[in-house]
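Coordinate inspection notes
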Amino acid sequence: MRLYAGVLPPPSVAGELGRAVDALRDLPGHDALRWTGRPGWHLTLAFYGEVPDGAVPELIRRLARAAHRTEPFALSLAGSGTFGGRTLWAGLRGDTPTLRLLADRAEAAARRAGLATGEHRRHRPHLTLARTRDTGPTVDLGPYAEALADFVGARWTVEELALVRSNLPTGRVPGARPRYETVAALPLRPAG
């Protein structure tokens, strides 16, 4: 299974961002970008790649411990930016230090479960919105990031860590997107 640990924004929060993204349709190059699917919008905390089925129960057990060690925390989607001129993302406000801590714990959980995690990189909280295509015209993402720079979404409380399976599209179907399914929803420790 191709898995990652993440935080899933509530539908109302994703809908709010979706309306702001819809307003970008008139910008140059919109149709040349690969937009992420809204049902799959998420904040990746740790990407595990292909995980053998037999390792999943131990990974879930370790992630449950990591979640239980973390109290619920508040976030909101806010602002935007680009990575390397190839990826457009929405940023975050709120308790991002706790989000980073949870990301570190999700990575450590994989190591303790015996999974190779590769090189550790500092977590950069974001929600990916679009990517430029490998082929075709080059699109300047600057106007997109600028248009979303002042976006501030509703605040929500993160109350669970999700282990999500990413099902990549088979074949070369134009516009096909990965499908995501939650394998485990692991509650954070109740405050107090």
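Residue positions are given per chain, counted from 1 along the sequence in the order it is written. In keeping with the predicted nature of the model, local features appear solely for residues at pLDDT of at least 70, side-chain atom pairs appear and are counted solely at 80 or more, and the whole-chain, interface and lining totals rest on all residues. With hydrogens and water stripped out, all remaining heavy atoms of the structure feed into the side-chain values.

Quick notes on the overall build of the chain
Counting from the N terminus, the helices are the DSSP runs of H or I reaching at least four residues and the strands are the DSSP runs of E reaching at least two. A tally of regular secondary structure across the chain gives four helices and nine strands. If you line up the chain on its principal axes, its C-alpha atoms span 45 × 40 × 30 Å. Burial status follows relative accessibility: with a 1.4 Å probe on protein chains alone, a residue under 20% of its type maximum counts as buried, one over 50% as exposed, and anything between as partly exposed. Looking at the chain as a whole, 46% of its 192 residues qualify as buried. Look at the contacts in the chain between residues 6 or more apart in sequence, and 79% of them connect residues 24 or more apart. In the structure as shown, the chain presents an accessible area of about 10,400 Å², 49% of it carried by carbon and sulfur atoms. Positive charges come from Lys and Arg, negative ones from Asp and Glu, while His and the chain ends are left out of the count. Just so you know, the charge point we use is NZ for Lys, CZ for Arg, CG for Asp and CD for Glu. Each charge sign in the chain was given a centre, from 26 positive and 19 negative side chains, and these centres are 5 Å apart. In this description, contact between two residues means that some pair of their heavy atoms is separated by no more than 4.5 Å. Only the protein chains shown count as cover for residues, with accessible areas throughout obtained via the Shrake-Rupley method and a probe of 1.4 Å.

Notes on the nonpolar core
The criterion is simple. A nonpolar core is a set of buried Ala, Val, Leu, Ile, Met, Phe, Trp, Tyr and Cys residues joined through side-chain atoms within 4.5 Å. Core analysis: the biggest nonpolar cluster contains 53 residues, and Leu17, Trp35, Tyr48, Leu59, Leu63 and Leu129 have the highest contact counts within it. Setting aside residues no more than four positions away along its own chain, Leu129 makes contact with Leu17, Val21, Arg34, Trp35, Thr36, Trp41, Leu88, Trp89, Ala90 and Leu148.

Brief notes about the sheet that holds strand 7 (residues 156-158)
Each pair of strands is called paired provided DSSP finds at least two bridges between the two strands. Strands sit in the order 2-6-5-4-7 across an open sheet of five strands; the sheet is antiparallel. Two strands close off the open sheet at either side, each with one partner strand: strand 2 (33-35) and strand 7. Taking the axes of each pair of neighbouring strands and ignoring which way they run, one obtains an average angle of 40° across the sheet. Pairing of strand 2 with strand 6 (residues 127-132), which is carried by three bridges, proceeds in the antiparallel orientation. Directly across from Trp35, in strand 6, lies its bridge partner Ala130. Angular values range over 0 to 180 degrees, each being the angle between N-to-C directions of two axes fitted as lines to C-alpha atoms, with helices fitted over their stretch in contact.

Digging into the environment of Ala55
Its location among the elements puts Ala55 in the loop between strand 3 (43-50) and helix 2 (56-68). The spatial distance from the C-alpha of Ala55 to the C-alpha of Gly114 is 8.0 Å, given a sequence separation of 59 residues.

A word on the side chain of Thr70
In this structure, Thr70 sits in the loop between helix 2 and strand 4 (73-83). Polar contacts here mean pairs of N or O atoms no more than 3.5 Å apart (in protein, one a potential hydrogen donor and the other a potential acceptor; neighbouring residues in sequence count only if both atoms are side-chain atoms). Of note is the side chain of Thr70, whose polar atom sits 3.0 Å from the backbone oxygen of Ala66. Residues contacting Thr70, with those up to four places away along its chain left out, are Thr98, Leu102, Arg105, Leu188 and Arg189.

Remarks on the sheet that holds strand 1 (residues 2-7)
Strands sit in the order 3-1-8-9 across an open sheet of four strands; the sheet is antiparallel. Taken across any chain shown, the strands that pair with only one partner, and hence form the sheet edges, are strand 3 and strand 9 (179-187). Strand-to-strand twist in this sheet, taken as the mean axis angle between neighbours without regard to direction, amounts to 20°. For strand 1 and strand 3, the ladder comprises six bridges, and the chain directions are antiparallel. Residue Ala5 lies in a different strand from strand 3, and its bridge partner there is Ala46. Relative to strand 9, helix 2 is tilted by about 55°, and along the sheet it contacts strand 1, strand 3, strand 8 (160-167) and strand 9. Of the strands in this sheet, strand 1, strand 3 and strand 8 are in contact with helix 3 (residues 96-112), which crosses strand 3 at around 15°.

What about the pairing of strand 8?
The element strand 8 is largely enclosed, with a buried count of six among its eight residues. As paired elements, strand 8 and strand 9 share eight bridges and run antiparallel to each other. The partner of Leu161 across the bridge, within strand 9, is Leu186.

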